[in-house]
Every structure is written in structure tokens, then in C-alpha cells.
Amino acid sequence: MPLPSQVYRRLMERLPVRTPRRAIVPMRFNQAQDFIHRSVAPDLDAGRPIRRIVLKARRLGMSSWIENFLTCLCVMQNFTQAMVVAHEAPATARIWEMSKRFVEGSPLRAIGRITGHKIEFRASTIELATAGSPNATRGHDLTACHLSEVAFWKDATAMLAILQCLPREEDVFSAAFIESTANGMVDDGALFYEEWLKAVQGDGSFVPIFLPWHTFPQYTSANMRPMDDLESDEAQLRTDLGLTWGQLRWRRRVIVDECQDDAEKFNQEYPATPEMAFIMSGQPYFSARDLLWLEPWVQRGRRGKLVEERERVTFKEDAEGRYVIFRPPEPGHEYVIGADSAMGHDDASHSRSAAEVVDMDTLEQVAEYEAPSPPHLFARDLALLGRAYNEALLFPEVQSSGGGGGRELIVYLRDQYNYPSIGGWKGANDRIRAYNPVLYGWETNSRTKPQMIARMREVMDERSALIHSRALLTQLRTFGEKDSGAIEALAGHDDLLMAWGIALMGRFQNHIPRSSQAQIALQFPFDQLHLQHQEEIHDRDAAMLARVMGASVGETLEGMRQPATFLEW
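Please read all numbers here as calculations on a predicted model, not as lab measurements.

### Quick word on the packing of aromatic side chains
Under the definition given, this model contains 18 aromatic pairs. Each ring, one from Y219 and one from Y270, has its centre 5.5 Å from the other, and the planes form 80°; the classification is edge-to-face. Of this pair, Y219 sits in the loop between β10 (207–211) and α7 (232–241) while Y270 sits in the loop between α9 (263–269) and α10 (274–277), and the two are 51 residues apart along the sequence. This pair shows no difference in class: Y219 is buried, exactly as Y270 is. Each member of the aromatic cluster is reached from another via a ring pair, and the members are W213, Y219, W250, F266 and Y270. The side chain of R238 reaches across the aromatic face of W245, ending 3.9 Å from its centre. The ring centre of Y285 lies 5.0 Å from the NZ or CZ of R457, which sits over that ring.

Right under this line is the structure:
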């Protein structure tokens, strides 16, 4: 017996759509439509609620797929109430023509009745509206909704009102799609940007789907001849994303013809990464090009919780867990955890407690934590995380000016959870104390923050620190100098970024590569003092004797026997 998702696809691919060549043909899923259908199929087959937020390039057929899906949902399931809400009246009219075509150009016309902006199938209804009054949908009992081009909605409360109309029960099927191209991070675009960030961070039920332009075959030129006048950004796109000559030619033409010769506008309309899509004010510290090489390494990770059982810490997958694991702990590896504590307020105006786990040897991000945890709960979670990663070196922020209570965190870790490995800040790099730290943890202030930012810049320029988290990558992209001169998040928060930066500082001040005990004894503390290694004493004496002899007899030592020891001379 076919699965529901297979039945839906067969019906959807029989409904008519208009192609760019002005032909009416049965829909055949393109790559973007196939991707989103495969994404929702497991939920559809299991009867679970579907929640998707889609950040996309232009003209990928998302609206066509979603309208088609909602139409088939009304046909297949009785007593379904679906609503499509567009950002403006012309967009509503275009969607309406598409929806009517599904019915009038197919056998569905026998069971569908069109009145106004409403289509009825027996006891089910699909209705179209324009995002306007936030009270327009109050009182509705919706099964499914499509919120189109949310980044251009003028009233943010309209989306709140619509989503309240969906079933809250987890065992009741419903579907909600939020889709848009980007429109900046502030003003009208802020609503979609904030919802996208929440989904990326794993907050709530919406699953983020990003559809980059270069993964679709229609966005390329037939001219595949190599280009001998590549600009620096084009060369980097070709290197880091593997763009073809045809794709680069197509991109160059669209920038000139359709984007006012502005690459930033092209990135908004046709993003290659989510970070490229959102234009921001201020001066970002890392450009989209600086971070482009990390894109192939981004992954969702495994979200879950850590529990202590029989004196061992184990990981259990949980969609609402606070931990995201990218790489499990490996025996023999050393790890450092940078931690940025908050007061525990669970709202968008406050930062949250965050931690980043970094492999000491490879600088690879292996795990991440973010939650609205006050210091006493954050300390418990950090202790579990540290023990899971081989008693990792904990390096927490102790600056309390941001309301984080960092020194309180140190007390909890030391006295209540008996955590054995708490790192210490040893001072500026030119005044490092070899053994005794200046203080436990890390204090972000006007003197230390530039050092941390410089270290982040160094590892990004060298491409020596690997990042897997989309949320952290987004915060790197939105970190910079505001118009006021403050260096902080240009949009959203920077808690994950600060935790990662603290982890880097903890690693560079506390890690000594392990090769042999003799080498470790020899190198410490010379490396940290930035002194050259001492030469072997015999090599030094031989060099000195050669200089003495050369100066005394006026000739070189080539062909002459060297003295075996200093005393032989």
C-alpha cells in the first residue's frame, strides 16, 4: 500500500501549472520542490504536525508547491481549513490565479467550488487573504496555513494571530509553512529574520529549509567557456562552492541586469548561504566571503540531553535538548569549553547561557549548548558537558556587567559539582604567567576583548578552526561595529560567538601539544614566553668554536677536523 506522501505526490504532479515558456503543463517537481516534499514526507506519513520555514532564492516554485500541497490536503482530508496569506494584494492575486488553475484545469473542477477568494471541496476549504489587520483571522480554526514572503509583511502581529489558529495538540495533524526571500535584519525584514534564527537555533517546532541558488540547474549560462577576468569574489566562489563557469557567467549577468550592479542585492535575492541573504547595517567584522569556506562543513548535529548514570555521562537524543553534538568525545583527546553565562531570562531581548566545546588539537567545534539557564543550572549542565568530554578544561566568562553572574558560576562548579578542571586567564600574551593564573575563567573587558577578536580573526584567516553550527556561523556573520561604534551583534545575539571566542583564548593559553614528556618539559614555559627554543649545548659550543677559530686564523673550517668537546680545544 503506498504511503500518504506518495499518494499526495501523484495527485500533485497531475495538477496544472504555468511554465516560464507560457505553457500549461502538469506539475513535475523541480529540485527545490522535490527537496521540500522529501522533507515533509516523514511527518505526513506519520500524521505529525508539519512546521517548515523556508529561506529561498527567487523563482524556485515554492509557492506553487505549497499551494498545490494545501489544495491536495483539502481534497484528501475532510473538514480541512487552509489559509494562504500573502504580503500584498498583487501577490494575493497571483496566488489566487494559481490556485484556481489547479481546480479549473484538472478533474478537481468536478468537486471544487470557487467563490470569491475561497475554494471549497465538500467539507474542506482553502482561502486566500492579504496580511493586514492582525485580527483578520481571529476565531478561525485552521488546519494548515501558508505565510508567503513574510520578510515583507508590514504588521508582525498578523503572523502571531494566524499561528494561534492552528491546533496545539501534538497528536493532531496540521501544517504551517513560512517562506520568503530575505529583506534585511531590521524593520519589515526583522520578523522573518528572527523566526529564521529561532529555527536555526532549534527553538520551537519550525524546521529551517535553505535553498541556495547554485544548486539548481536553471541558474546557469549555456556558455561554459573559462573566464580570464575573474574578480576576487568570483574566484573565491569558484574555489569554495565549486561554481561552474556557466554559473559564474549567469551570476555576473544577473548582477548587472537585475540587481543594479550590486553584489549585495544579488546575495539577498539569490543567496548561496543563509548568511549572505540578510543585508545588515553597520560594519560586519567577518564578510560573507570570509566565512564561505565553512559552508560545506555546516551540519545539524544531534540534539539531546546529557544524563549521569552510574557515574558515567551518557547522551540521549531529544528534540528539546539543550546540547547539540557534532562530534562525540574521543579517547585521548583534550577539549576546552568556553562558557558565557546569562541570568536565565527566556525572551528575545536577553542573551542566553551558551557554551562551545573545541578540540584542543584540531580546533574543531565538537559540541554546542544554548539555553535560558541561570547560573546554578548552567553550572550543572557545564559539569555534565565537561565530564562527557574527558574532563574538558572549563573556561567560563566571569564578567558580571552583562548580568551573567559568572563568578557565581565558578563557585557552583568548584564547590557544588566538584569540577576538577577550571581554566584560568593568565594575562596579556606579552605578560603570561607560566603557572599561576591571574584569575579563574575569563573576563571580557576593554583590554581583553580586542585580543579575543584578533584571535577569532586569526583562525578564520588561517582556516584553522572548523565550525559545524549554523547558529554560530550566523552570529559570526552578524558581529561587527555598529554605527555607534560599539563592537557587538549587529542583529540578534552574540552569546555563542562569545563562548567560542572564550574557548579559543582558553585553548591558546592552556594547551601544550602532547608529543613526549621530554619535549613537554623542554618547551614549557618557553613557548608561552615567545622565546626561541634553546639549542642543544654541543651544537652551540661547536658553532662558537668555529667562530673563534675562524677569527683567529682567518680561514674557514672546511675540511678540518672539529674538536669533539670544548675541553679538547
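### Remarks on the environment of E97
Of note, E97 is situated in helix α4 (residues 89–104). On the accessibility criterion, E97 (39% relative accessible area) is partly exposed.

### Here we look at the packing of α7 against helix α8 (residues 245–258)
At a minimum axis separation of 11 Å, α7 and α8 run at an interaxial angle of 145°. The way α7 lies across α8 gives a crossing that is right-handed. Between α7 and α8, the contacting residues are D233, E234, L237 and R238 on the first element and W245, L248, R251 and R252 on the second. When the residues that make up the contact of α7 with α8 are grouped by side-chain class, the tally is three nonpolar, no polar and five charged.

### Considering a negative patch on the surface
Side chains of E169, E170, D171 and E320 sit close together on the surface and give a patch of like negative charge. Mapped onto the fold, E169 is located in the loop between α5 (157–163) and β9 (175–180).

### With respect to the pairing of strand β3 (residues 50–56)
Of all seven residues in β3, seven are buried, a share of seventy percent or more. Of the two faces of β3, the one carrying I50, R52, V54 and K56 and the one carrying R51, I53 and L55 are both buried. Bridge count for β3 against β9 is six bridges, and the pairing is parallel. Each residue of the ladder has a partner; that of V54, found in β9, is E179. Examined bridge by bridge, β3 and β10 share five bridges and lie parallel to one another. Bridge pairing in β10 links V54 to I209.

Reading guide: rules and limits
Residues numbered from 1 in each chain as written. Predicted model: local features only at pLDDT ≥ 70, side-chain atom pairs only at ≥ 80, totals over all residues. Heavy atoms only, no water. Phe/Tyr/Trp six-rings, centres within 6.5 Å; stacked < 30°, edge-to-face > 60°. Helix = DSSP H or I, 4+ residues; strand = E, 2+ residues; numbered from the N terminus. Buried < 20%, exposed > 50% of the residue type's maximum accessible area, 1.4 Å probe, protein only. Lys NZ or Arg CZ within 6 Å of the ring centre and 35° of its normal. Axes fitted to C-alpha atoms, helices over the stretch in contact; angles between N-to-C directions. Left-handed = near helix turned anticlockwise from the far one by under 90°. Contact = heavy atoms within 4.5 Å. Nonpolar A, V, L, I, M, F, W, Y, C, P; charged D, E, K, R; others polar. Patch = residues over 30% accessible without salt bridge, like charges linked within 9 Å, V, L, I, M, F, W, Y side chains within 5 Å. Areas by Shrake-Rupley, 256 points an atom, 1.4 Å probe, with all protein chains shown as cover. Salt bridge = Lys/Arg side-chain N within 4 Å of Asp/Glu carboxyl O. Lys, Arg positive; Asp, Glu negative; His and termini not counted. Charge placed at Lys NZ, Arg CZ, Asp CG, Glu CD. Pairing = 2+ DSSP bridges.

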